[in-house]
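Each chain is listed here by its residues.
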Amino acid sequence: MIIIGEKINGAIPSVARAIAEKDAGFIRNLAKTQADAGANFIDVCASVEDSLELETMKWLIDLVQEVTDKPIAIDSPHAHICVEAMKFCKKPGIINSVSGEGNKIELVFPVIADTNWECVALLCDDTGIPKTAEKRMEVFRKIMEKAKAHNIAPSRLHIDPLVEMLCTSEDGINMVVDVIKDIKAQYPAIHVTGGLSNISFNLPARRLVNQAFIVLAMNAGMDSGIIAPTNQDLMGMIYATEALLGKDDYCMEYIGAYREELFGQKK
């Protein structure tokens, strides 16, 4: 499972305060604790007003890179900010994100085409979030056509099928599971990702819903996630599910992660 650490996001009140107060130590600690907890990428999202976003992204990215060499996931709803922030990164990471909306793909794909940068692609377009699996797959096919035109290998893409709130869903996660399975059947090397915690918004005991969802989503083919790696219960569930799905020979990764205290030992 590719873990994209979600904690450095200005939409989180404590992070917003740290950004406003320029609390560098707080940001460095968030980056280091996520890296130490097993994150493969550190997501950086400023969530500030547009005029301040690029300079804030630079400040955040610089702080992250002071304490870890984990690659950055540049997270912004503005494609031009993602492209500009690439120059602040010491190594290729992930652009988070493009979609079928507007000209986002046209801004990002040509820039990352001949690089090792990866990219999250959301299955929505100018009509909004499609309500059916068929419509989401139509958006997916258009994204893949553009990726092929720019010679971007499927293995560099993280497709987000758009995980929505369970409490507003009529059929649980059946549609998302269908989309994940269809994507992986067509492109086995592609990654499927998502914001895990979206599923449990407005529900009590959210951690239980999140843990149940990750098992079902991984069984369908999800292999990337924007999550909190410091959540040991969730990380343990991920390692256990990989072992149960036969993706961890002799449970060596599960055992190794336990010994490294990534789950199961801290109180």
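Owing to the predicted nature of the structure, the values given are computational and were not obtained by experimental measurement.

**Observations concerning the overall build of the protein**
Phase 1 of the analysis: Regarding its fold elements, the protein presents 10 helices and 8 strands.
Phase 2 of the analysis: Here the protein has a C-alpha radius of gyration of 18 Å; the compact-globule value for 267 residues is 18 Å, and the two agree.
Phase 3 of the analysis: Across the 267 residues in the protein, those meeting the buried criterion constitute 50%.
Phase 4 of the analysis: Taking all contacts inside the protein whose residues are at least 6 apart in sequence as the whole, residues at least 24 apart take part in 68%.
Phase 5 of the analysis: Of the roughly 12,800 Å² that the protein leaves accessible, carbon and sulfur atoms contribute 52%.
Phase 6 of the analysis: Looking at the protein, you have 27 positive and 37 negative side-chain charges, and the mean spots of the two groups are 3 Å apart.

**Here's the deal with the pattern of salt bridges**
Phase 1 of the analysis: The full count for this structure, using the stated rule, is 8 salt bridges.
Phase 2 of the analysis: Measuring nitrogen to oxygen at the nearest pair gives 2.7 Å for the salt bridge that ties Glu-66 to Arg-28. Here Glu-66, found in helix 3 (residues 50–67), pairs with Arg-28, found in helix 2 (residues 24–36); they are 38 residues apart in sequence, far enough to count as distant.
Phase 3 of the analysis: On the accessibility criterion, Arg-28 (29% relative accessible area) is partly exposed.
Phase 4 of the analysis: Salt-bridge contacts for Glu-101 lead to Lys-104; the nearest nitrogen and oxygen are separated by 3.5 Å.
Phase 5 of the analysis: The exposure class assigned to Glu-101 is partly exposed, which follows from its relative accessible area of 28%.
Phase 6 of the analysis: In this structure Lys-104 comes out as buried when scored by relative accessible area, which is 18%.

**Some details on the pairing of strand 1 (residues 2–9)**
Phase 1 of the analysis: Judged by how many residues are buried, strand 1 sits mostly within the fold: 6 of 8 residues are covered.
Phase 2 of the analysis: Two elements, strand 1 and strand 8 (residues 224–227), share 4 bridges in a ladder whose sense is parallel. For Ile-2, the partnering residue across the bridge sits in strand 8 and is Ser-224.
Phase 3 of the analysis: Two strands pair when backbone bridges link them, and strand 1 and strand 2 (residues 41–45) are joined in this way by 4 bridges, in the parallel orientation. Bridging from a neighbouring strand, Ile-4 pairs with Phe-41 of strand 2.

**Here's the deal with the side chain of His-191**
Phase 1 of the analysis: Relative to the elements of secondary structure, His-191 occurs in strand 7 (residues 191–192).
Phase 2 of the analysis: Assessed through its relative accessible area of 16%, His-191 is described here as buried.
Phase 3 of the analysis: A distance of 3.0 Å separates polar atoms of two side chains, one belonging to His-191 and the other to Asp-223.

**Brief notes about the environment of Asn-103**
Phase 1 of the analysis: Position of Asn-103 relative to the elements: it lies in the loop between strand 4 (94–100) and helix 5 (104–112).
Phase 2 of the analysis: For Asn-103, a relative accessible area of 44% gives the class partly exposed.
Phase 3 of the analysis: Note: C-alpha distance between Asn-103 and Pro-229 (126 residues apart in sequence) is 32 Å.

**Structural notes on helix 8 (residues 206–220)**
Phase 1 of the analysis: Taking 1.5 Å per residue, 15 residues should reach 21 Å; helix 8 reaches 21 Å between its end C-alpha atoms and fits that length.
Phase 2 of the analysis: Along helix 8, the residues that are buried comprise Val-209, Asn-210, Gln-211, Phe-213, Ile-214, Ala-217, Met-218 and Ala-220.
Phase 3 of the analysis: If you follow the buried residues of helix 8, they end up packed against helix 7 (174–186) and helix 9 (232–244).
Phase 4 of the analysis: Of the residues flanking the end of helix 8, it is Gly-221, one or two places downstream, whose phi is positive at about 130°.

What counts, and where the lines are drawn
- Residues numbered from 1 in each chain as written.
- Predicted model: local features only at pLDDT ≥ 70, side-chain atom pairs only at ≥ 80, totals over all residues.
- Heavy atoms only, no water.
- Helix = DSSP H or I, 4+ residues; strand = E, 2+ residues; numbered from the N terminus.
- Rg over C-alpha atoms; globule rule 2.2 N^0.38 Å.
- Buried < 20%, exposed > 50% of the residue type's maximum accessible area, 1.4 Å probe, protein only.
- Contact = heavy atoms within 4.5 Å.
- Areas by Shrake-Rupley, 256 points an atom, 1.4 Å probe, with all protein chains shown as cover.
- Lys, Arg positive; Asp, Glu negative; His and termini not counted.
- Charge placed at Lys NZ, Arg CZ, Asp CG, Glu CD.
- Salt bridge = Lys/Arg side-chain N within 4 Å of Asp/Glu carboxyl O.
- Pairing = 2+ DSSP bridges.
- Polar contact = N/O pair within 3.5 Å; in protein donor to acceptor, adjacent residues only side chain to side chain.
- Expected span 1.5 Å × (residues − 1).

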